[in-house]
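A look at the structure
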Amino acid sequence: MSKIAVVVTDLVEDIEYTSPANALKEDGHTVVTIGFSGKKSVTGKHGAKISIDKSIKEVDPADFDALLIPGGFSPDQLRSDPDFIDFTRKFLLANKNVFAICHGPQLFIQTGLVKGRTMTSYLTVQPDLYYAGAIVKDAPVVIDHNLITSRTPDDLPAFNKAITAALK
């Protein structure tokens, strides 16, 4: 089974972390939650406490099969940190599976690797992706080779199905 990196910080959209992480675990995958150095846990927008397994300084993308980026206000904070940008960039350049929902694709913009990729996101992030050169679709799930994106918590059933299928 696969080892999945999940990058989060405070104000992540709780269900966009818990639902895919649980679906991946139920499918037999190992989920490693990664946060800023020194953080033992983070708090979601709705109060969920999420334990951090490793700091971004302790991990290497080569040790993982896929990357999951949940939404909420977490991706906007992560994209200000060069370590998270570099971590994400390495997944994209290696053509590993990358999954993002809601505001998650904000992190892609900072990598400079959005141009020509087809994806979706939360409504307010879609123009940012478009101006960065992405082909933006308004659909529950958009699959562009190894990149799977989704829009909102309402799309989680389809998103979870797509990400678990991609790892088979």
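Look up: the structure comes first, before these words.
First, a word on scope: everything that follows refers to the structure included in this document.

Reading the values: the criteria
Residues numbered from 1 in each chain as written. Predicted model: local features only at pLDDT ≥ 70, side-chain atom pairs only at ≥ 80, totals over all residues. Heavy atoms only, no water. Helix = DSSP H or I, 4+ residues; strand = E, 2+ residues; numbered from the N terminus. Buried < 20%, exposed > 50% of the residue type's maximum accessible area, 1.4 Å probe, protein only. Contact = heavy atoms within 4.5 Å. Lys, Arg positive; Asp, Glu negative; His and termini not counted. Charge placed at Lys NZ, Arg CZ, Asp CG, Glu CD. Core = buried A, V, L, I, M, F, W, Y, C linked by side-chain atoms within 4.5 Å. Salt bridge = Lys/Arg side-chain N within 4 Å of Asp/Glu carboxyl O.

Some points on the overall build of the chain
Per the secondary structure count, the chain includes 6 helices and 11 strands. A principal-axis box enclosing the C-alpha atoms of the chain has dimensions of 35 × 30 × 30 Å. Within the chain, the fraction of its 168 residues that count as buried is 52%. Partitioning the intrachain contacts of the chain with sequence separation of at least 6 by distance along the chain shows that 64% fall at a separation of at least 24. Computed over 18 positive and 20 negative side-chain charges, the separation of the two mean positions in the chain equals 3 Å.

Concerning the nonpolar core
Membership of the largest hydrophobic core comes to 25 residues, with the highest contact counts inside it found for Val7, Ile34, Phe64, Leu67, Phe87 and Phe108. If you tally residues by element for this core, the top one is helix 3 (residues 82–93), at 5 residues. Not counting the four nearest positions on each side in its chain, Leu67 is found in contact with Ala5, Val7, Phe87, Thr88, Phe91, Asn97, Val98 and Phe99. Membership of the second largest hydrophobic core comes to 22 residues, among which are Val42, Phe159, Ala162 and Leu167.

So, the pattern of salt bridges
Scanning all chains against the criterion turns up 10 salt bridges. The residue Asp83 makes a salt bridge to Lys57 at a minimum N-O spacing of 2.6 Å. Taken together, the positions of Asp83 in helix 3 and Lys57 in the loop between strand 5 (54–55) and strand 6 (66–69) put the pair 26 residues apart, joining distant regions of the chain. Between Arg89 and Asp86 there is a salt bridge; the shortest N-O distance is 3.8 Å. In this pair, Arg89 and Asp86 both sit in helix 3, 3 residues apart, roughly one turn of the helix.

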